[in-house]
Amino acid sequence: MAGTGGLLPDRHPTGDFFVCDLFGVSPKDDLASMEHPIFSLSTRPDTRVLSYAHNGVEVQVTPSVKGRATIHDKDILIYCISQLVAAMNKGRSIGRTLTLKAHDLLVATNRDTGGDSYVRLREGFERLAGTRITTNIDTGGVEATRGFGLIESWEILRRSKGGRMVSVTVTLSEWLYRAVCARSVLTLSRDYFRLRKPLERRVYELARKHCGRQAEWAISIPTLHLKAGSAAPVRVFRAAIRKMIAQNHLPDYALSERGGDILVVTRRAKPRPMDAPILSDETLQAAKALKPGTDVHALRARWLAWWDETGRARLGNPDRAFLAWVKTQKDG
């Protein structure tokens, strides 16, 4: 596929559907919903309207009568995003409308495939379609205040009346599709789907987004409470975080407390990918000329982390790609 910076054509409703048929792909999540509290952490129907404002970003999430989409419902979006990014990496055409097999989705997201799971999956589609968002979040380099559903529409096909789902067709919101096309995504640990508690998933998302490949990230408990979107009082939230610290089973990250009501997230050691692009010494010198006073080796490490996180796209000229990326980085 030529380039990754522009928007791909929207193939719905006149174009072909994209068929989810790629197996073993890395889970991918969009940056905006990792950063901001869009999904409910409640295990009961959450019908409250959530209003959130932080650092110039405003989000209002309005549920339907069935409740706000939950962080477990988000598995559906993660599966769709993962399929689209994998297809882009293979040079395949993609579209906003996807056809998928419910069984494949359940297996990929570590869910049971019994009869009740299909019922819960349908309920998830209903909450995703019914949850409305009004926000000015930037996706794909475009900021606009608009309202939309997390998915635009969905349809289930069955073998016969009352039978098991054969396939599901879902149309993603233009907002989410734009983020995918711009590769505003991060790779998640496959163990993310083993986390059953909503707060564990949400804290992992925030750690993945903010700590990333850094050694450490720190955040105050009150700010974390806001960004997590928790409806619990801060004292109850703090107790839940302390329990997570004691259990110490988040993928990729360890949690600890610091004085001043601070949570510290520490990156667990992970081997560097063996197939990482190799840059020439001349390229590193060129990067140093572009960013005087900057540690070019740290720049290279950040670029490799970005390359890994955005799906390890095949690079015809890694040196040129690196220098183009360096030019987009703000000084300091």
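Below you will find a few notes about this structure. In this text the structure is predicted, and so the values were computed from the model without any measurement.

### A look at the overall build of the chain
When its secondary structure is counted, the chain shows 11 helices and 13 strands. For the chain, the residues scored as buried account for 50% of the 332 residues in total. Contacts in the chain between residues at least 24 apart in sequence constitute 69% of all its contacts with a sequence separation of at least 6. Total accessible area on the chain is roughly 16300 Å²; 51% of this is exposed by carbon and sulfur atoms.

### Focus on the pairing of strand β12 (residues 253-258)
In terms of strand pairing, β12 meets strand β13 (residues 262-267) through six bridges, oriented antiparallel. In the sheet register, Arg 258 faces β13, and the bridge partner there is Ile 262. Here β12 hands over to β13 after three residues, with Gly 260 in that stretch at a positive phi of 90 degrees.

### Quick look at the packing of aromatic side chains
Per the stated rule, a full pass over the model turns up seven aromatic pairs. Considering the side-chain rings of Trp 303 and Phe 322, the 5.3 Å spacing of their centres and the 65 degrees angle between planes classify their relative orientation as edge-to-face. Highlighted residues: Trp 303 in helix α10 (residues 296-309) and Phe 322 in helix α11 (residues 318-328), separated in sequence by 19 residues. When sorted by exposure, Trp 303 lands in the same class as Phe 322, which is buried. Put simply, the rings of Tyr 192, Phe 193, Tyr 204 and Tyr 253 touch in pairs and so form one group of aromatic residues. The residue whose ring lies beneath Arg 201 is Tyr 192, and the NZ or CZ to ring-centre distance is 4.8 Å.

### As for the sheet that holds strand β1 (residues 18-19)
Overall, mixed pairing links the four strands, which are arranged β1-β5-β9-β8 in an open sheet. The sheet terminates laterally at β1 and β8 (151-158), the two strands that pair on one side only. Inspection of the sheet shows β1 paired to strand β5 (residues 97-100) by two bridges, in the parallel sense. Of the residues in β5, the one forming a bridge with Phe 18 is Leu 98. Helix α4 (residues 115-130) rests against β8 and β9 (165-172) of the sheet, and its axis sits at about 155 degrees to β8.

### Observations concerning α11
Turning to α11, its buried residues are Pro 318, Phe 322, Leu 323, Trp 325 and Val 326. Take α11 and look down its axis: the buried residues cluster within an arc of 160 degrees, on one side only. Pointing more than 90 degrees away from the buried face of α11 are the exposed residues Arg 320, Lys 327 and Thr 328. On its buried face, α11 is in contact with α9 (281-290) and α10.

### Description of unusual backbone geometry
The residue Asn 55 is not glycine, and still its phi comes out positive at about 50 degrees. Mapped onto the elements, Asn 55 comes out in the loop between β3 (50-54) and β4 (57-62). You will see that Asn 110, though not glycine, has its phi angle at about 60 degrees, which is positive. Inspection of the secondary structure puts Asn 110 in the loop between α3 (102-108) and α4. Classification of Asn 110 by relative accessible area gives partly exposed; the value is 37%.

### A look at the sheet that holds β4
In space, the four strands of this open sheet follow the order β3-β4-β6-β7, with antiparallel pairing throughout. Strand pairing shows two members of the sheet lacking a second neighbour, β3 and β7 (146-149), which therefore form its edges. Each strand axis lies, on average, 15 degrees off the axis of its neighbour in the sheet, ignoring direction. In this structure, strand β6 (residues 132-135) lies alongside β7, joined through four bridges in antiparallel fashion. Paired with Arg 132 across the bridge in β7 is Gly 149.

### Digging into the nonpolar core
Ile 241 and Leu 263 are the most contacted members of the largest nonpolar core, which has 77 residues in total. Top element by residues in this core is helix α2 (residues 74-89). It accounts for 11 residues. Discounting residues that sit within four places of it in the chain, Leu 263 has contacts with Trp 217, Ala 218, Ile 219, Ile 221, Leu 224, Ile 241, Ile 245, Leu 255 and Ser 256. Residues Ala 276, Val 296, Trp 303 and Trp 307 belong to the second largest nonpolar core, which totals 13 residues.

### Description of the packing of α9 against α10
Relative to each other, α9 and α10 sit at 105 degrees, their axes nearing to 9 Å. Classified by the angle their axes make, α9 and α10 are roughly perpendicular. Between α9 and α10, the contacting residues are Leu 284, Ala 287 and Lys 288 on the first element and Val 296, His 297 and Arg 300 on the second. When the residues that make up the contact of α9 with α10 are grouped by side-chain class, the tally is three nonpolar, one polar and two charged.

What counts as what
- Residues numbered from 1 in each chain as written.
- Predicted model: local features only at pLDDT ≥ 70, side-chain atom pairs only at ≥ 80, totals over all residues.
- Heavy atoms only, no water.
- Helix = DSSP H or I, 4+ residues; strand = E, 2+ residues; numbered from the N terminus.
- Buried < 20%, exposed > 50% of the residue type's maximum accessible area, 1.4 Å probe, protein only.
- Contact = heavy atoms within 4.5 Å.
- Areas by Shrake-Rupley, 256 points an atom, 1.4 Å probe, with all protein chains shown as cover.
- Pairing = 2+ DSSP bridges.
- Phe/Tyr/Trp six-rings, centres within 6.5 Å; stacked < 30°, edge-to-face > 60°.
- Lys NZ or Arg CZ within 6 Å of the ring centre and 35° of its normal.
- Axes fitted to C-alpha atoms, helices over the stretch in contact; angles between N-to-C directions.
- Arc of directions from axis to C-beta.
- Core = buried A, V, L, I, M, F, W, Y, C linked by side-chain atoms within 4.5 Å.
- Parallel < 35°, antiparallel > 145°, perpendicular 65-115°, else oblique.
- Nonpolar A, V, L, I, M, F, W, Y, C, P; charged D, E, K, R; others polar.

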